[in-house]
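Residue strings, one per chain:
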Amino acid sequence: MLLVLTSCHSIMKDEVKEFMPGTYIRFSQLEFGKEYDTLIITLQNQSSNEYRIVRKWKYERVLDGSAIEPEYKRSVTSGVYNSVHKLLQETETGDLYSFDAKRKLLFNGPVKYQKL
């Protein structure tokens with residue numbers, strides 16, 4: 001009986017939940033600058049499926065062909081993982097993060113991040 005329960009548990013493993021913690025990056029080059037965006041997701045409370053989300057953002061603006069002082073932002077928030085829908089919902093903004101574990105991607109709507 002124990003063998004059956006153990007094998008069922010391994011079949012029911014949540015690949016997204018196992019994949020989710022980590023560092024995700026995004027880079028974009030726009031007409032007036034470069035944008036660097038990093039998300040760091042760590043487990044905060046396992047029993048409630050709560051995760052800590054740190055976002056670090058940098059924008060290097062270009063004005064008249066010259067780089068000006070970069071702009072930085074850093075925010076720390078949390079999110080709750082929904083194991084039925086396989087989504088992480090940020091608690092402050094309600095943003096939904098989805099994951100593609102096979103391609104090592106995180107999505108916030110159309111915005112795509114690559115896991116390191």
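Everything below is about the structure shown above.
No experiment lies behind these values; they were computed from the predicted model shown. (Residues numbered from 1 in each chain as written. Predicted model: local features only at pLDDT ≥ 70, side-chain atom pairs only at ≥ 80, totals over all residues. Heavy atoms only, no water.)

Draft legend 1. Layout of the packing of aromatic side chains. Across all of its chains, the model carries five aromatic pairs by this definition. Where F27 meets Y36, the ring centres are 5.0 Å apart and the plane angle is 50 degrees; that geometry is what we call tilted. The partly exposed category is assigned to Y36, whose relative accessible area is 31%. Above the ring of W57, the side-chain terminus of K73 is found at 5.1 Å from the ring centroid. (Phe/Tyr/Trp six-rings, centres within 6.5 Å; stacked < 30°, edge-to-face > 60°. Buried < 20%, exposed > 50% of the residue type's maximum accessible area, 1.4 Å probe, protein only. Lys NZ or Arg CZ within 6 Å of the ring centre and 35° of its normal.)

Draft legend 2. Here's a closer look at the side chain of S78. With respect to the helices, strands and loops of the structure, S78 is situated in strand β5 (residues 71-82). Here the side chain of S78 touches E50 through a polar contact of 3.4 Å, side chain to side chain. When residues no more than four places from it in sequence are discounted, the contact partners of S78 are Q44, E50, Y51, R52, I53, Q89, E90 and T91. (Helix = DSSP H or I, 4+ residues; strand = E, 2+ residues; numbered from the N terminus. Polar contact = N/O pair within 3.5 Å; in protein donor to acceptor, adjacent residues only side chain to side chain. Contact = heavy atoms within 4.5 Å.)

Draft legend 3. Focus on the nonpolar core. In this structure, Y24, I41, L88, F99 and L106 are the most contacted members of the largest nonpolar core, which totals 14 residues. Going through the elements one at a time, α2 (15-19), β2 (33-45), β3 (50-63) and β7 (96-100) are the ones with two or more residues in this core. Apart from the residues lying within four places of it in its own chain, the contact partners of Y24 are F19, D37, T38, L39, I41, F99, L106, Y113, Q114 and K115. (Core = buried A, V, L, I, M, F, W, Y, C linked by side-chain atoms within 4.5 Å.)

Draft legend 4. Looking closely at the side chain of T77. Note on placement: T77 falls in strand β5. Accessibility expressed as a relative area gives 10% for T77, which makes it buried. Looking at T77, its side chain comes within polar contact range of the side chain of E90, at 3.3 Å. The contacts of T77, once residues within four sequence positions are left out, are Y51, R52, I53, E90, T91 and E92.

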